[in-house]
Amino acid sequence: MSSVTGVPTVNDGEGPDGQRVPQADRASTGRLGDRLFGGAATASGVIVIAMVTLIATFLIIQAVPALMNNQENFLTSRVWSPGGEEPGFGILEFLWTTVAAATIAMLIAVPFGVAVALFLTQYAPAWMRGPAAALVDLLAAVPSIVYGLWGLITFAPFFKPFQGWLESTFGWFPLLAQTGITGGTILFIGIVLSIMVVPIVTALSREIFGQTPLAHKEGALALGATHWEMIRTTVLPFGRPGVISAAMLALGRALGETLAVTFLVSSLPNGAAWTWSLFNGGETFASKIANNAAEFSSPTRTGAYIAAGLVLFVLTFAVNSIARIVIERRKAFSE
Amino acid sequence: MSVSRTTVLGALALSGALLLSACASENNSPAPAAGGSGSSGSTGSTDCFSGNLKAEGSSAQKNAIDEAISVFQTKCADATIDYNPSGSGSGIKQFIAKQVDFAGSDSALKTVAVDGLVEADDAAKACGSPAWNLPMVTGPIAVAYNVAGVDKLVLDAEVTAKIFDGKVTTWNDPAIAKLNAGVKLPSTPIKVYFRSDDSGTTENFTKYLKAAAPDAWSYETGKKWTGKGEGKEKSAGVATAVKGQDGGITYVELSYAKQNTLKMAEIDTGSGPVELNAESVGKTVATAKPVGSGNDLALKIDYATKEAGAYPIILVTYEVVCSKYSDAAQGSKVRAFLTTFASDAVQGQLEELGYAPLPTEVATKVQTAVKAIS
């Protein structure tokens, strides 16, 4: 209906006649219901902010004493022996494994997830959209331990020969160099993670693609654009901030995923030679902490793991902030 | 799925039966024959209590203590006993913090300072009396492997150390071939798997390598793996990894090796290859020397034992208790439960679960010590 006039139904706020739309920030009428609801919403917001701050404070308070005792450079060392008289620990390896696996997951999951969302909103016949979307959402509800089990028992045997072929064919390329690790390589972890995060990307992208103003789409088609050109010039630009948000949520999960990774990963022995290869093992922050949580026997040991957790926290925080900035800039340009 | 499960069950039952028969034919210990009727003195009168008992610690003894708990609770319906298998370190920490009534641990309380803390002293302070280490369960550690076409493999300490240190890298290495005359070894590369989490199994296995092959194993011993290879999470992780990889080898508790139907190497201690079974493990436990005094039964295992027929790679798990609880009721609860745990009725069941029962001599000492808890 609204498409005929060119005003999409979802558009809110500034209607053509401005006075009929209430000013959002001064809309309160001062009635009990308003005050209760406003209070509850404010309290929720404050509690969340306070929680994040308190978690950060907790991490810092616990980590600092251990960091003061640290005999190694925390950021650049590859040693991890937080116990004993002279504790020394560095996070370089965990950082590399975490970032590399999450990057692989993103490289696969974002294009794939966006493609699925485009199919569901632009290509799929109407009768298929609802059920197919529900199925994709169901993937997001699968517990991570199930992905872990599936990866270990079903997927790994299929992946091993493929990995062997890559190693022997493209071994000259540093990222694909041959290593002695057989099972849980960074590449393998990345692929399992990507399957875990695809539904997150798809669900959010689908929502926003579905909201592309019909007028834009019809305008593009009227100007002679093909289906693909219409998607490229209207749906994708409109959905970009949403896709970035989706990717960031997905990345957050990929960085922090613990159970499945702990289950699958092959950790390296002490003093293993450094390699850039994605066929190497290694531990992510989350798996390292989870693996050793049972043996937090002294404050220094515990502090070392908490310091690693702090880095993961900062990493996730930084990634999210960057995403926010990108989205805000996009908005500024498109308005 | 169902087929493989049946196979596993069948194999478990079979190996359990083999172990039972091996043990029964060897000595006249009443353990395997005990039908759980509680006729053997020590269990004759179980002191039931109502209320609950909390314990925490080693995951290696989880299945054993679960068995003891179910036996105890059958007799004493009002008692609840919780065992949280969170790891030895965590158990001792909770014991010192008086959060649990007793702790399970893969190693006796340390009497030297680690990270500035002396466990034995702290435990004694928490108890207000000396803390005792009571050996309760022995878990043999299998050197489990998966090599196509090799059903019987003999290793000695030195070759084992070299394999786990990445010095011997293929299965047809002359060092292995020398110990396995007549066996056709493939040229498959050796894939070593180790425990990526801190583990009592790692600690005891490296203690063995260090004691029996000091030249080949130069690393420190400890809960964290110091050799080469590829790390997997927990016993289940390493066992699964070996099962899925031709050429794989790992060290793992017997029960996991059995569950995954892995082949286990025989260990040549210098007096011939020794197979892992209840009898050969019992021999090693019997040679262990007590390092504690009186009723503190901390054992020092002679990993370098050369006694014929003794399987040297074992892990003894302890219950860490106060000798005198400040709350007498608490003491009598601990005593009642551990009496059942140390009884022949429970110890006799352990073989089926992949543990070895305590040799009669040690078991008697433990039963005496348990009676002295107050």
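This section reports on the structure supplied with the text. Note that the structure is a prediction, hence the values are computed from the model and not measured. (Residues numbered from 1 in each chain as written. Chains lettered and ligands numbered in written order. Predicted model: local features only at pLDDT ≥ 70, side-chain atom pairs only at ≥ 80, totals over all residues.)

## Observations regarding the overall build of chain A
To keep things clear, this is the line we draw: Helix and strand definitions here come from DSSP, where helices need a minimum of 4 consecutive H or I residues and strands a minimum of 2 consecutive E residues; each element is numbered from the N-terminal end. Here a residue counts as buried when 20 or more other C-beta atoms fall within 10 Å of its C-beta, as exposed when 12 or fewer do, and as partly exposed in between; the C-beta atoms come from the backbone. Contact between two residues is assigned when their C-beta atoms, built from the backbone, lie within 7 Å.
When helices and strands are counted, chain A shows 11 helices and two strands. In chain A, the succession of α and β elements from N to C terminus is α-α-β-β-α-α-α-α-α-α-α-α-α. Across the 335 residues in chain A, those meeting the buried criterion constitute 36%. At a minimum sequence separation of 6, the contacts of chain A that also span at least 24 residues come to 75%.

## Digging into the interface of chain A and chain B
Rules: Residues are sorted three ways: Asp, Glu, Lys and Arg are charged, Ala, Val, Leu, Ile, Met, Phe, Trp, Tyr, Cys and Pro are nonpolar, and all the rest, Gly among them, are polar.
Each partner contributes to the interface: chain A provides 23 residues, whereas chain B provides 26 residues. Secondary-structure elements contributing two or more residues to the side of chain A that touches chain B are α5 (144-170), α9 (259-264) and α10 (285-292) of chain A. If one sorts the elements of the side of chain A that touches chain B by residue count, α5 of chain A sits on top with three residues. Class assignment for the residues of the side of chain A that touches chain B results in eight nonpolar, 14 polar and one charged.

## Observations concerning the packing of α5 of chain A against helix α6 (residues 186-209) of chain A
Residues and elements named next belong to chain A. Our working definition: Fitting a line to C-alpha atoms yields each axis, with helices limited to the stretch in contact; the angle taken between N-to-C directions then spans 0 to 180 degrees. Every angle not falling under 35 degrees, over 145, or within 65 to 115 is termed oblique; those three ranges are roughly parallel, roughly antiparallel and roughly perpendicular. Two helices cross in a left-handed way if the nearer one is turned anticlockwise from the farther one by less than a right angle. They cross in a right-handed way if the turn is clockwise.
Interaxial distance between α5 and α6 falls to 10 Å at its minimum, and their mutual angle equals 130 degrees. On the basis of their axis angle, the class for α5 and α6 is oblique. Handedness of the α5/α6 crossing: right-handed. Along its contact with α5, which presents Ser144, Tyr147, Gly151, Phe155, Phe159 and Gln163, the element α6 presents Leu187, Phe188, Val192, Ile195 and Met196.

## What about the sheet that holds strand β11 (residues 273-274) of chain B?
This is how the line gets drawn: Pairing between two strands is assigned when DSSP locates at least 2 bridges connecting them.
The mixed open sheet is built from three strands, whose spatial order is β5-β10-β11 (chain B). This sheet does not close on itself; its edge strands, each paired only once, are β5 (154-156) and β11 of chain B.

## Structural notes on the packing of helix α3 (residues 88-96) of chain B against helix α4 (residues 119-127) of chain B
All names here are of chain B. Direction vectors running N to C along α3 and α4 enclose 35 degrees, while the axes themselves pass 8 Å from each other. Contacts between α3 and α4 involve Ile92, Phe95 and Ile96 on the former and, on the latter, Glu119, Asp122, Ala123 and Ala126. Counted by class, the contact of α3 with α4 contains five nonpolar, no polar and two charged residues.

## So, the pairing of strand β14 (residues 314-322) of chain B
All names here are of chain B. Where burial is concerned, most of β14 is hidden: nine out of the nine residues are buried. Side chains Ile314, Val316, Tyr318, Val320 and Cys322 project from β14 onto one buried face, and the interleaved Leu315, Thr317, Glu319 and Val321 project onto a second face that is buried too. Judged from the three bridges that link them, strand β3 (residues 102-105) and β14 form a sheet pairing that is antiparallel. Bridging across to β14, Ala103 finds its partner in Val320. Of the strand pairs in this sheet, strand β4 (residues 131-146) and β14 are connected by nine bridges, and their pairing is antiparallel. In the sheet register, Leu134 faces β14, and the bridge partner there is Glu319.

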